[in-house]
Amino acid sequence: MGFWDIADSEREAVVLDNQSYTYEQFNKSISECQKVLESDKKQLVLILCENSYGVLVTYVAALRSNHAVMLLSSDLNNELLNNVIDTYQPAWVYGSLNSTDYEKTDQFLWKRKFFMDVNIHSELAILLSTSGTTGSRKFARLSYRNIQSNAEAIGEYLQMTSDERGIVNLPISYSYGMSIVNSHLATGATLLLTDNTVMEKSFWEFLNKKKATSFAGVPFTYQMLYRVGFLKMELPHLRMFTQAGGRLNEKFARLFGEYAANHNKHFYIMYGQTEASPRMSYIPPSQLLKKTDSIGIPIPGGSFEIDSETDELIYKGTNVMMGYAESLADLAKGDGLQGVLHTGDTARVDEDGFYSITGRMKRFLKLFGLRINLDEVEKRLESSIQSTVACTGNDDRLIVVIESENVKQAVHDCLDSIYKLHKSAFRIHILESIPRLSNGKTDYKAIKEELI
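Conventions and cut-offs
Residues numbered from 1 in each chain as written. Predicted model: local features only at pLDDT ≥ 70, side-chain atom pairs only at ≥ 80, totals over all residues. Heavy atoms only, no water. Helix = DSSP H or I, 4+ residues; strand = E, 2+ residues; numbered from the N terminus. Rg over C-alpha atoms; globule rule 2.2 N^0.38 Å. Contact = heavy atoms within 4.5 Å. Areas by Shrake-Rupley, 256 points an atom, 1.4 Å probe, with all protein chains shown as cover. Lys, Arg positive; Asp, Glu negative; His and termini not counted. Charge placed at Lys NZ, Arg CZ, Asp CG, Glu CD. Core = buried A, V, L, I, M, F, W, Y, C linked by side-chain atoms within 4.5 Å. Buried < 20%, exposed > 50% of the residue type's maximum accessible area, 1.4 Å probe, protein only. Pairing = 2+ DSSP bridges. Axes fitted to C-alpha atoms, helices over the stretch in contact; angles between N-to-C directions. Disulfide = S-S within 2.5 Å. Salt bridge = Lys/Arg side-chain N within 4 Å of Asp/Glu carboxyl O. Polar contact = N/O pair within 3.5 Å; in protein donor to acceptor, adjacent residues only side chain to side chain. Parallel < 35°, antiparallel > 145°, perpendicular 65-115°, else oblique. Nonpolar A, V, L, I, M, F, W, Y, C, P; charged D, E, K, R; others polar.

Trainee: Would you explain the overall build of the protein in this entry?
Mentor: From N to C terminus, the protein includes 11 helices and 26 strands. Taken over the C-alpha trace, the protein has a radius of gyration of 22 Å; the compact-globule value for 452 residues is 22 Å, and the two agree within 12%. For the protein, the spread of C-alpha atoms along the principal axes amounts to about 65 × 50 × 40 Å. Contacts in the protein between residues at least 24 apart in sequence constitute 66% of all its contacts with a sequence separation of at least 6. For the protein, the exposed surface amounts to about 19900 Å²; the carbon and sulfur share of it is 45%. On the protein, the mean spot of the 48 positive side-chain charges and the mean spot of the 56 negative ones are 2 Å from each other.

If you want it as structure tokens, here you go:
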């Protein structure tokens, strides 16, 4: 049996807007791709991802062939792409490519004319760009065991069966999107592929037409869902919806939690990092409205502890990555973390065993001797003004970014009353929209570059 080798079946495996593939057809496509990826040595396969059938086929074929897979977005600019290719020398590239070092094997798969003599660890399965570093040469090294165990844990706590029909509406190159693919394949469920966003009518037409049972979103997705009137929709086939990729404003957590409770659906708020393949915790839907400020409890097979000196949240589990790769030589390295991940988040735990993130260890400023937790400031401001906020800065000044002039005075008053900050210690900027990364997270680097 190969990796995620589902027995041939007439059950749908992959569904697009105008076409669908059974597991029998999917397995046949994978086997044909494996023939193209034949090699007497483990190689690196770079996939420039979009939500397409060909990407899924190449992804599973490479894993079943025991190759290592690097996932990057198909819209990565050429300079960054060439940088990654020069650094890691992949044997195959799937996607649009302009390089004299490669020759075409089919419409989208390119093969290096001369394979490099590389040494890749036998357990290395996936190289995934860490959050906020798309195009960087730094990748999380995930093993076959990492992604398999996390896929199975997700399937368990989401109570997934082969009847699940999940929309893949997030980029597969993003760890959250990848985990949707992995958990559905591990369960033998159906993947519904779309590039449409929740802001488009075509997304909802696709969701209803294909009888989707679930979809996923980052915090920004839920802001958009609120704007398009999701809370008034009747979606008879939808069983659950999930959220990860950053902290969801408590207002939205409660609103969507109440919607789920009133419509016989399940809303899962989850916490994770790419380095954990990526899921580490979730809030059981039955507890959501009581624990909207938490990240929940550890996933099956995982555990948390809090460092008594630094308050850092430490996670332990079989889904913890092997380590990072920053060069070709790093692909030969073994498991350097041994199942222990220092998350970089500070946390607390309540009497029920539910954990809450209190901040990032590196997301602090020191203004006039006062230590400022930027995540805490964001959370307090959003709770106070009921609007999206982004905070960054340096030890000279706190920078607060908002999207409306109407809340500027309220932000000013809140900073003055809670933190007693002199007006020279902070600056409030109004942008039409807060800069975001391709995965929907706030782009703090872009804010700093523009405003500091």
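Trainee: Sorry if this is basic, but what is going on with the nonpolar core here?
Mentor: Soluble globular proteins: nonpolar side chains tend toward being buried together. Membership of the largest hydrophobic core comes to 72 residues, with the highest contact counts inside it found for Phe26, Tyr59, Leu63, Ile126 and Ile147. Element by element, the count of residues in this core is highest for helix H2 (residues 53-64), at nine residues. Setting aside anything within four residues of it in sequence, one finds Phe26 in contact with Ala13, Val14, Tyr53, Leu56, Val57, Val60 and Leu185.

Trainee: Just to check I follow, could you spell out the sheet that holds strand S26 (residues 426-430) for this structure?
Mentor: Adjacent strands of a sheet pair through backbone hydrogen bonds, lying either parallel or antiparallel. Here we have three strands laid out as an open sheet, ordered S24-S25-S26, and mixed in their pairing. The sheet terminates laterally at strand S24 (390-394) and S26, the two strands that pair on one side only. Strand-to-strand, the axes of this sheet are offset by a mean angle of 25°, without reference to chain direction. With five bridges joining them, strand S25 (residues 397-402) and S26 adopt parallel strand pairing. Its bridge partner lying in S26, Val400 is registered against Ile428. Across the sheet, helix H10 (residues 408-419) is in contact with S25 and S26; its angle to S26 comes to roughly 160°. Strands S24, S25 and S26 of the sheet are contacted by helix H11 (residues 444-451), whose axis makes an angle of about 55° with S24.

Trainee: What am I meant to see in the state of the cysteines here?
Mentor: By definition, a disulfide is the covalent link that joins the sulfur atoms of two cysteine residues. The tally for this structure, following the rule as stated, stands at zero disulfides. We note that Cys391 lacks a disulfide partner, and the nearest cysteine sulfur, in Cys414, lies 9.9 Å from it. What makes Cys391 buried here is its relative accessible area of 0%. By relative accessible area, which is 7% here, Cys414 ends up buried.

Trainee: Looking at this model, I keep getting lost on the environment of Tyr259. Mind explaining?
Mentor: Mapped onto the secondary structure, Tyr259 falls in helix H8 (residues 250-262). On the basis of relative accessible area, Tyr259 is assigned to the buried category, the value being 3%. For the pair Tyr259 and Val198, spaced 61 residues apart in the sequence, the C-alpha separation amounts to 17 Å. Sequence-distant contacts of Tyr259, defined by excluding residues within four places in its chain, comprise Phe230, Leu231, Met233, Leu235, Phe241 and Lys265.

Trainee: Would you take a moment to explain the side chain of Ser214 for this structure?
Mentor: Turning to its location among the elements, Ser214 is positioned in strand S12 (residues 214-217). Those residues in contact with Ser214 that sit more than four places away from it in its chain are Glu164, Arg165, Gly166, Ile167, His184, Leu238 and Met240.

Trainee: What should I look at first to understand the environment of Lys441 in this one?
Mentor: With respect to the helices and strands, the residue Lys441 is situated in the loop between S26 and H11. It is 35 Å that separates the C-alpha atoms of Lys441 and Asn27, two residues lying 414 residues apart in sequence.

Trainee: Is there a simple way to explain the sheet that holds strand S4 (residues 68-73) in this structure?
Mentor: If you walk across this open sheet you meet the eight strands as S6-S7-S5-S3-S4-S8-S9-S19, and the pairing is mixed. At either end of the open sheet lies a strand with only one pairing partner, and these are strand S6 (102-104) and strand S19 (323-325). Sheet twist, expressed as the average angle between the axes of neighbouring strands with direction ignored, equals 30°. Pairing between strand S8 (residues 124-129) and strand S9 (residues 139-143): five bridges, direction antiparallel. Its bridge partner being in S9, Leu124 is matched across the sheet by Ser143. Docked against the sheet, H2 engages strand S3 (44-49), S4, strand S5 (92-94), strand S7 (109-112) and S8, running at close to 160° with respect to S3. Its contacts with the sheet place helix H4 (residues 144-157) against S8 and S9, and it is angled at close to 75° to S9.

Trainee: Explanation requested: the pairing of S7 in the structure shown.
Mentor: Consecutive side chains of a regular strand alternate in pointing toward one face of the sheet and then the other. Sheet analysis places S5 next to S7, joined by three bridges and oriented antiparallel. What sits directly across from Val93, in S7, is Trp110. As judged from the three bridges shared by S6 and S7, these two strands associate in the antiparallel manner. The partner of Glu103 across the bridge, within S7, is Lys111. Connecting the antiparallel pair S6 and S7 is a turn made up of four residues.

Trainee: Help me understand the side chain of Arg141 in this model?
Mentor: By the element assignment, Arg141 lies in strand S9. Asp330 provides the closest opposite charge to the buried, salt-bridge-free Arg141, at an N-O distance of 6.3 Å. A polar contact is formed between the side chain of Arg141 and the backbone oxygen of Tyr324, at a distance of 3.0 Å. For Arg141, the side chain forms a polar contact with the main-chain oxygen of Lys333, separated by 3.0 Å. Here Arg141 is in contact with Leu124, Ile126, Leu127, Asn146, Met321, Met322, Gly323, Tyr324, Ala325, Asp330, Lys333 and Gly334, once residues within four sequence places are set aside.

Trainee: Help me understand the packing of H4 against helix H5 (residues 175-187), please; the structure alone is not making it clear to me.
Mentor: The relative placement of two packed helices is expressed as an angle between their axes plus a distance between the axes. In contact at an axis separation of 8 Å, H4 and H5 are set at 75° when each is read in the N-to-C sense. In terms of their interaxial angle, H4 and H5 are classed as roughly perpendicular. Only Met178, Ser179, Asn182, Ser183 and Ala186 of H5 make contact with H4, whose side of the interface consists of Ile147, Gln148, Ala151 and Ile154. Residue composition of the contact of H4 with H5, grouped by class: five nonpolar, four polar and no charged.

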